[in-house]
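Inside the fold
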Amino acid sequence: MAVRAVRGAVQLERDEAGHMDEQVGSLLTALLERNGLTTDDLISIWFTATPDLHSDFPAAAARKLGIVDVPLICAQELDIEGAMPRVVRVLAHIETDRPRADVVHVYLGAAAALRKDIAQ
């Protein structure tokens, strides 16, 4: 079993806790499903949010999905002029038998523009 990293992001339409829970929950669910993972395969998850998001911690959405025994941490993205607003990014460390080239990174909605080279 190898340790791999899987990336993802989603752009929120508005800065509201319920909306963040919904969108981050969708991102995490897609990340798990598209990679054939369960919560037991998760080692840790880093979340970052752009500086314009204040309503909640993105990790709270993970806890609401039942990801309760995995280390989670939140950080703020750099405040770069012209950067896409209201974005939550995820970097999950996983255990998987998939080769690195077969790991599916998930960029939902408008966030697909962040990584056109790997977004589905």
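Right, let's walk through the structure included here.

**Focus: unusual backbone geometry**
- With a phi angle near 55°, Arg86 is a residue other than glycine that sits in the positive phi range.
- Among the structural elements, Arg86 can be located in the loop between strand 3 (72-76) and strand 4 (87-96).

**A closer look at the side chain of His19**
- Here His19 is to be found in helix 1 (residues 17-34).
- The residues touching His19, leaving out its near neighbours within four places in the chain, are Leu12, Glu13 and Arg14.

**Some remarks on the pattern of salt bridges**
- A complete count under the given rule lists 4 salt bridges for this structure.
- The shortest N-O distance in the salt bridge between Asp21 and Lys64 comes to 2.5 Å. Of this pair, Asp21 sits in helix 1 while Lys64 sits in helix 2 (residues 58-64), and the two are 43 residues apart along the sequence.
- Looking at Asp21, the relative accessible area reads 18%, which means it is buried.
- Note on Lys64: relative accessible area 59%, which makes it exposed.
- Through salt bridges with shared partners, a single network forms among Glu13, Arg14 and Glu16.

**Quick notes on the environment of Arg4**
- Topologically, Arg4 is positioned in strand 1 (residues 2-11).
- Residues Arg4 and Leu108 lie 104 residues apart in sequence; the distance between their C-alpha atoms is 21 Å.
- Beyond its immediate chain neighbours, meaning those up to four positions away, Arg4 contacts Ala92, His93, Ile94, Thr96, Arg98, Pro99, Arg100 and Val103.
- Here the side chain of Arg4 touches Arg98 through a polar contact of 3.2 Å, landing on its backbone oxygen.

**Quick look at the sheet that holds strand 3**
- One open sheet holds the 5 strands; their spatial order is 3-2-4-1-5, and the pairing between them is mixed. The open sheet terminates on both sides in strands that have one partner only, identified here as strand 3 and strand 5 (106-108). Strand after strand, the sheet turns through a mean of 15° between neighbouring axes, direction not considered.
- Where strand 1 and strand 5 come together, 3 bridges link them in parallel fashion. The residue bridging Val10 from the neighbouring strand is Leu108, located in strand 5.
- Running at roughly 145° to strand 5, helix 1 makes contact with strand 1, strand 2 (42-49), strand 4 and strand 5 of the sheet.

Here is what the cut-offs are and how they apply
- Residues numbered from 1 in each chain as written.
- Predicted model: local features only at pLDDT ≥ 70, side-chain atom pairs only at ≥ 80, totals over all residues.
- Heavy atoms only, no water.
- Helix = DSSP H or I, 4+ residues; strand = E, 2+ residues; numbered from the N terminus.
- Contact = heavy atoms within 4.5 Å.
- Salt bridge = Lys/Arg side-chain N within 4 Å of Asp/Glu carboxyl O.
- Buried < 20%, exposed > 50% of the residue type's maximum accessible area, 1.4 Å probe, protein only.
- Polar contact = N/O pair within 3.5 Å; in protein donor to acceptor, adjacent residues only side chain to side chain.
- Pairing = 2+ DSSP bridges.
- Axes fitted to C-alpha atoms, helices over the stretch in contact; angles between N-to-C directions.

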